[in-house]
Structures are given as structure tokens and as C-alpha cells.
Amino acid sequence: MELYIFNTKSRKKEKLQPQKPPKVGLYTCGPTVYDYAHIGNMRAYVFSDTLRRVLEYNDFQLHHVMNITDVGHLVSDADEGEDKIVVEARKKKKSPYEIADFYTDIFFRHARKLNIKDPSITCKATDHIQEMIDFVKVLVDRGHAYEISDGIYFDISTFPDYGKLSGIDLEEQQEGARVEVNPEKKHPADFALWKKAPKNHIMQWPSPWGMGYPGWHIECSAMGLKYLDGFFDIHTGGVDHIPIHHENEIAQNWGYTGTEVVKYWMHSEFLQVDGGKMAKSLGNFFTLDDIEARGFDPLAFRYLLLNAHYRKKVNFTWEALEGAQKAIDRLTEHVLKFREAPAKKGCGPRLQKYKEKFLEAINDDLNVPRAIALVWDVLRGEEPASEYYQFLLDVDRVLGFGMKDMERKEEEISAEIRKLIERREEARNKRNWEEADAIRDQLLEKGIRLMDTPEGVRWERIRKKEE
Ligand code: AMP
Ligand code: ZN
């Protein structure tokens, strides 16, 4: 079966043809570890994980490289302002390394809770300073870079294809350039490869151009080429990387190798909150910890993301997460019911047909929402439980909901709540409706909703809504 993916560069779905099949070299722009990764950031990594799972489902052998940006990402992507990690280090009175280690650990903790597989290689920018210096030296020697008072810059006029990935109009950009653009640069879009460090700068290394530190873009070129052995079959990132970061990577790679080294560029869309940007200043910046604190399973968030195509914006709401949680709970019920059935290998003809349709959906540029709809559809039938179980385990290789280990969550209620429920029952038995209603309201306040059913009273926990 052929696998088609959307290439940002050609703006078309293209058949995947890696350079050395069945191997696929995949590079993912990793997090800048100066703060907690928010749930928007995590969308980019759920996407690269899904891509990887789809490739593995198609029997490709993945070599997945992801960087950790622990130096060089300035407050503005366009080389202005201070290094994000240095700013945070000063604020917290810690070393930049402590800041980076702290947020890197949390990033991986969150990633694993979302069942995101660890990359084959994770590489930190600060461990590859020499590789970056060597790269910049080559660019200078070949006339693609020039030195000015605050650093070494890439000369985009030496690369005729600059801007092709995003389709930006450089002339327009030059006219609209903001006044604070460094006047020594030959073109406003020329970007820093290496910055010279002011004396008291905390992160600096010796280089042919004095003490300094690398720009952000060079790390992905240097580490990617190193660990992917000179060729990236697929390169992923968020859509915000297209116009600057990835244009710059293409320019650097071309200057260094004289050719294109990335075959397919894939970008995931943004997660929005209330239809807009997620930002600390707007008070709508959520992390996976916030999601858990409100009683949701991290995998409900994975479900919410997978239920939208990666090239479509997703609007995050607690109601949508509630819906995703219900879907995960329902799926868990199915899995547990089927798991108990005696094991039997293989799928009957109907399930086999669905497996084919599932593969068709995911191989059509990762149409995971369609694949999930197929799963619900097949579950409406009456197939033998053991076959259903095998089917679900199989599709879960792509979906990554951890079906094999799914457990029913035995919800616990405190002795106090249990006592209140009993007291309400007693009041009802005595037909003391007033007291029964008062206790019901008291329980609601505590986040417990009672339901009177023919089988007796049942309770459910109401997840806390936004305060
Ligand atoms: P950063 O840590 O800022 O380098 O970003 C890590 C990843 O998150 C990048 O791939 C960004 O494109 C992506 N990203 C940032 N904000 C969002 C968002 N709101 N929704 C989806 N992806 C995002
Ligand atoms: Zn990158």
C-alpha cells in the first residue's frame, strides 16, 4: 500500500519514497526548554509521534532525531532580543543548564504520559557547539556568510531559492521591515549563525570570531546532518517554523552541501484556545499537569488531538476535552470486555475489510480522524470478542492509546462523601425530601453528582470547569 504525505514545499500530497527504504530518517524540531511546554507545543510532538507510528505500521524502519534547544533561541525568532533560557536563568537565579535540564525532564514526562515514543536520538544544542562552529566556518569560506560587529550572518542573496518554502515575498518584507533591524545586515532577512557574546553573557564558547554562542537555526542543520547521515527523508515542525526557522535551515543546508537535503517538509497546525493564541499573559496557557489536575486522563488530550487532522487548527475547550474523555472511557469499556475473551489469532472478513480501510485512511496524509471513525463504526457490529481485541490492539499501534494496558479507573470517594450519600438515602426513605435535596446540593458543591436509577443511587464525579 502506498503512503501519501503532504509536502509543504510542493504544497501537494506526495508518495513517500525514502532515499534508502525501508529506512526513514525523520527529524523533528524539538522544544526550547526555558519554560513548561504547553499543550499547544505538545500537539507538535503528538503529530510527529503519529507520523512515526504510521510509518512503522507501514513497516518502515525509523531513525528519529529530535533536538533540544538549550541555547540560541532568542526572544524574537528573527534574531532580536536575548536568549530565552538566559532570561529565565536570571529570573530564577539558576544556571542556564539547570533551567534547561529542569524543563527537559518535564517535557519528557509529559511526552510519555501522552504515549509519545522517545526519539531514537535526542541531541542538545550545547553538546554540539563544535559541529556548529565547523558548519559556520564552511559557510563563511564559501561566501555564504559575513561578519559584522555582533556576529556572523547568512547572506540570503547568495541563495536564489530563499523564501520558496513559505512563498514569502522578500522585497515586500524588506520594505515593511521594522526600523530596529540591524543596519549592518545586508538584507533584513539575513540571519545570525553565530552571535558574539557581550563580556558578562552567561553562555559563551570560543570560536574563530571570538567568544560567542550559536544562532538557533544552525543547530537543526548541524545536528540533523550529523545524525541522519547527510539526508533527511522527512523534517517536521509546527507551522510557525515555516517562514523563518525552516527557510533558514534550507539556506544553510544548501550553502553547506550545495544541494537540498530535506525531501519532505511536514508541518502541524496550531492548537488554539478560545479561537486565539495561547499565552501566559492571557491566562489561557495550559500544561498537561493542568489537564490532570482537573481530573482528565492525558490520553483524553491525545484523543482530542488525533480526532482532528494535523493540518487543521484545533480549538481547545474543556467541553471538547470532556467529550474526548468520554470517548476514551467508552473505548476502555470495550477493550476490557474483549480482553476477557479467550485469545484467538486473526481477524474475520469484516474486520479484515476494516483493517484495509484503516490503512487507507492513515496512508492518505495521516487521516487519523477518519481512521478513528472507522474504529467506532466497526465496534457497532457483532464480531467475536477475541477478534475485536486483536483488531483494537493492531490499530492501537497507530493510535497510541495504550489499549493493552487500559484499566478501569476504580474511582474512590472519601468516607465523608460515602456518609453523605447514605444520609441522603435515609432521608429519602423517610420521605424527607427537603433534607435529601440539601444533601444532594452539598455533594454537588463537592463535585459529586447523584443519579437516581432503577438499580439504586449512583454517583459520578464532575470534572472541575475553568475557575
Ligand atoms: P518551542 O518550544 O517554542 O520551540 O516550540 C515547540 C513546538 O511547538 C514547535 O514545533 C512549535 O511550532 C510548536 N507550537 C508552538 N505553539 C503551538 C501551538 N499553540 N499549537 C501547536 N503547536 C505549537
Ligand atoms: Zn529546528
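All of these numbers come straight from a predicted model, not from anything done at the bench.

A. Structural detail: the overall build of the protein chain. Helix and strand content of the protein chain: 15 helices and 17 strands. For the C-alpha atoms alone, the extent of the protein chain along its principal axes is close to 90 × 55 × 35 Å. Once local pairs closer than 6 in sequence are excluded, the contacts in the protein chain between residues at least 24 apart make up 74%. Element-wise, carbon and sulfur atoms account for 50% of the exposed surface of the protein chain, whose accessible area totals about 22,300 Å². A distance of 3 Å separates the average location of the 70 positive side-chain charges in the protein chain from that of its 79 negative side-chain charges.

B. Looking closely at the packing of aromatic side chains. Going through the model one piece at a time under the given rule, you end up with 20 aromatic pairs. Ring geometry for Phe286 against Phe316: centres 5.9 Å apart, planes inclined by 50°, an arrangement best described as tilted. Here the residue Phe286 occupies a position in the loop between strand E14 (271-273) and helix H8 (288-293), and Phe316 occupies one in strand E15 (residues 314-316), the gap between them amounting to 30 residues. Residue class for Phe286 comes out buried when judged on its relative accessible area of 7%. For Phe316, a relative accessible area of 1% gives the class buried.

C. Seen up close, the site of ligand 1. Around ligand 1 sit 15 residues, and of these Thr32, Gly40, Asn41, Asp240 and Leu271 come closest. Contact between ligand 1 and Thr32: an oxygen atom at 2.9 Å from a side-chain N or O atom of the residue. Note that an oxygen atom of ligand 1 is positioned 3.3 Å from one of the backbone N or O atoms of Gly238. It is helix H1 (residues 39-57) that provides the largest number of residues to the shell around ligand 1, a total of four residues. Across the shell around ligand 1, the residue classes break down as five nonpolar, eight polar and two charged.

D. Region of the structure containing the coordination of the zinc ion (ligand 2). Around the zinc ion (ligand 2), the protein contributes the donor atoms Cys29 (SG), Cys220 (SG) and His245 (NE2), at 2.0 to 2.2 Å from the metal centre. Here the donor residues for the zinc ion (ligand 2) map to a single chain with the spacing C-x190-C-x24-H. Within this pair, whereas Cys220 is found in helix H6 (residues 217-227), its partner His245 is found in helix H7 (residues 242-257), the two being separated by 25 residues in sequence. No difference in accessibility class separates Cys220 from His245, as the two residues are buried.

E. Region of interest: the environment of Arg302. Secondary-structure assignment places Arg302 in helix H9 (residues 298-306). Of the residues examined, Arg302 reaches a relative accessible area of 0% and is grouped as buried. For the pair Arg302 and Phe401, spaced 99 residues apart in sequence, the C-alpha separation works out to 7.8 Å. Those residues in contact with Arg302 that lie beyond four places of it in its chain are Val46, Asp49, Thr50, Arg53, Leu114, Asn115, Ile116, Val398, Leu399, Gly400 and Phe401.

F. Here's a closer look at the domain arrangement of the protein chain. Under the domain assignment, the protein chain is made up of domain 1 (4-268), domain 2 (273-405) and domain 3 (415-461). At the junction of the two partners, domain 1 supplies 31 residues and domain 2 supplies 38 residues. Here domain 1 packs against domain 2, burying approximately 3,000 Å² in sum over the two surfaces, 60% of which is carbon and sulfur. Counting the surface domain 1 buries against domain 2, the share from its top three residues, Ile39, Arg43 and Tyr57, is 29%. Connecting domain 1 to domain 2 are four salt bridges. Note that Asp289 is salt-bridged to Arg109, the shortest N-O span being 3.6 Å. Counting across the interface, domain 1 meets domain 2 through 15 residue pairs in polar contact (both at pLDDT 80 or more). Only strand E1 (4-7), H1, helix H3 (96-113) and strand E13 (262-268) provide two or more residues apiece to the side of domain 1 that touches domain 2. When residues of the side of domain 1 that touches domain 2 are assigned to their parent elements, the largest contribution, 13 residues, is made by H1. Its residues placed into classes, the side of domain 1 that touches domain 2 shows 15 nonpolar, eight polar and eight charged.

Definitions and limits used
Residues numbered from 1 in each chain as written. Chains lettered and ligands numbered in written order. Predicted model: local features only at pLDDT ≥ 70, side-chain atom pairs only at ≥ 80, totals over all residues. Heavy atoms only, no water. Helix = DSSP H or I, 4+ residues; strand = E, 2+ residues; numbered from the N terminus. Contact = heavy atoms within 4.5 Å. Areas by Shrake-Rupley, 256 points an atom, 1.4 Å probe, with all protein chains shown as cover. Lys, Arg positive; Asp, Glu negative; His and termini not counted. Charge placed at Lys NZ, Arg CZ, Asp CG, Glu CD. Phe/Tyr/Trp six-rings, centres within 6.5 Å; stacked < 30°, edge-to-face > 60°. Buried < 20%, exposed > 50% of the residue type's maximum accessible area, 1.4 Å probe, protein only. Near = heavy atom within 4 Å. Polar contact = N/O pair within 3.5 Å; in protein donor to acceptor, adjacent residues only side chain to side chain. Nonpolar A, V, L, I, M, F, W, Y, C, P; charged D, E, K, R; others polar. Donors = N, O, S within 2.8 Å, 3.2 Å for Na, K, Ca; no water. Domains from an automatic or database assignment. Buried area = accessible area lost by both parts, 1.4 Å probe. Salt bridge = Lys/Arg side-chain N within 4 Å of Asp/Glu carboxyl O.

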